[in-house]
Amino acid sequence: MINLKLLKYSCLVFMLLSCLVTPVTATEYRVGVSVGQWIAYGNYDVIDSGDQGTIPAWSKLEVSAVSEQRVLFYASGMYRNGSEFYYHADRSITANNTLIISANLTQGDFINLNQEALINSTETRKYLGTERIVNVIEHSETIEELTYSALFVYDQISGVLLEYKVEETLSAEQMSTAYKYAYSIVDTNIFVVSDKTEADYYWGIGIALAVIVIVSLTTIMLLKKRAKNKNRRR
């Protein structure tokens, strides 16, 4: 889940990144997801004294509509305190947002028409046991007492966010404060997931055992039926 404070930090990062890049050739921006596709996030690592009541345990974004360069997500999830949340998120791949960018961008491309950030590298990384070509945006800088760093990793084919991390440290003479917000993909139907959890393993064993039991019972019933037919013929 992206809250208002997190959006403020993201916008700040993109604005600062835009000052460091130069214009490049025109890029074609198009949506790379379709209705029904979804991505789930977990591994939330948050340091924020002001938002302890709104830290998610997990969240999920499902594509509910696509119109030209806009995507409507149905977002749902659960906070660490056990309460659920859900809302709709309307995002444009040509404007400032962190959830999704255009499909098939590559190193050196701007992520949107406002030229707010440049893709630093296009590389292969492994997520959920599957190797994916991803677009990476990362930057770190110190401005007086403020030190910040940001990492955004997007799937190249679909444009969806796979990994997010923003950290900020304010060091002053009288006090020092830290802020961190990080999360990453834990499941999706956008690409084939190779990693199988222990639950998936035992679920597979259960299905296999159920099939064996059904086949065995069916065989026994057929044998009994044949035996009865033979006895009748005698």
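Only a predicted model underlies this, so the values are computations on that prediction, with no experimental measurement involved. (Residues numbered from 1 in each chain as written. Predicted model: local features only at pLDDT ≥ 70, side-chain atom pairs only at ≥ 80, totals over all residues. Heavy atoms only, no water.)

**Student:** Could you clarify how one ought to interpret the overall build of the protein in this entry?
**Tutor:** Helix and strand counts for the protein come out as 2 helices and 9 strands. Put simply, the protein has 234 residues, and 38% of those count as buried. Accessible surface computed for the protein: about 13700 Å², of which carbon and sulfur atoms make up 55%. (Helix = DSSP H or I, 4+ residues; strand = E, 2+ residues; numbered from the N terminus. Buried < 20%, exposed > 50% of the residue type's maximum accessible area, 1.4 Å probe, protein only. Areas by Shrake-Rupley, 256 points an atom, 1.4 Å probe, with all protein chains shown as cover.)

**Student:** Even after reading the chapter, I still don't get the confidence of the model for the protein, so can you show me in this structure?
**Tutor:** The predicted structure's coordinates, where accompanied by low pLDDT, should not be read in detail. Confidence in the prediction for the protein averages 80 pLDDT; 70% of positions are at 70 or higher. Of all secondary-structure elements in the protein, the lowest mean pLDDT belongs to helix 1 (residues 4–18), at 47, while strand 5 (residues 121–127) reaches the highest, 97. Note that pLDDT drops below 50 for residues 14–25; the model gives that stretch 25 contacts with residues more than four away or on any other chain. Per-residue pLDDT stays below 50 along residues 197–213; that stretch engages in 0 contacts with residues further than four places along the chain or on separate chains. (pLDDT = per-residue confidence, 0-100. Contact = heavy atoms within 4.5 Å.)

**Student:** How do you make sense of the sheet that holds strand 3 (residues 70–79) when you look at a structure like this?
**Tutor:** Sheet strands associate in pairs through backbone hydrogen bonding, adopting either a parallel or an antiparallel arrangement. Sheet architecture is open: 9 strands sit in the order 4-3-2-1-9-8-7-6-5, paired in antiparallel fashion. With one partner strand each, in any of the chains shown, strand 4 (84–92) and strand 5 form the two edges of the open sheet. Looking at each pair of strands side by side, their axes are set apart by 25° on average, direction ignored. Two strands pair when backbone bridges link them, and strand 5 and strand 6 (residues 130–143) are joined in this way by 7 bridges, in the antiparallel orientation. Paired with lysine 126 across the bridge in strand 6 is glutamate 131. (Pairing = 2+ DSSP bridges. Axes fitted to C-alpha atoms, helices over the stretch in contact; angles between N-to-C directions.)

**Student:** Even after reading the chapter, I still don't get the pattern of salt bridges, so can you show me in this structure?
**Tutor:** Side-chain pairs of opposite charge can arise where the charged atoms are in close proximity. Following the criterion strictly, the structure yields 4 salt bridges and no others. The shortest N-O distance in the salt bridge between aspartate 90 and arginine 70 comes to 3.3 Å. Linking aspartate 90 in strand 4 with arginine 70 in strand 3, this pair joins segments that are 20 residues apart in sequence. Owing to a relative accessible area of 41%, aspartate 90 belongs among the partly exposed residues under this scheme. Residue class for arginine 70 comes out partly exposed when judged on its relative accessible area of 40%. In this structure, arginine 132 and aspartate 155 form a salt bridge, with 2.9 Å as the shortest nitrogen-oxygen distance. Of this pair, arginine 132 sits in strand 6 while aspartate 155 sits in strand 7 (residues 146–155), and the two are 23 residues apart along the sequence. When its relative accessible area of 14% is taken as the criterion, arginine 132 is described as buried. (Salt bridge = Lys/Arg side-chain N within 4 Å of Asp/Glu carboxyl O.)

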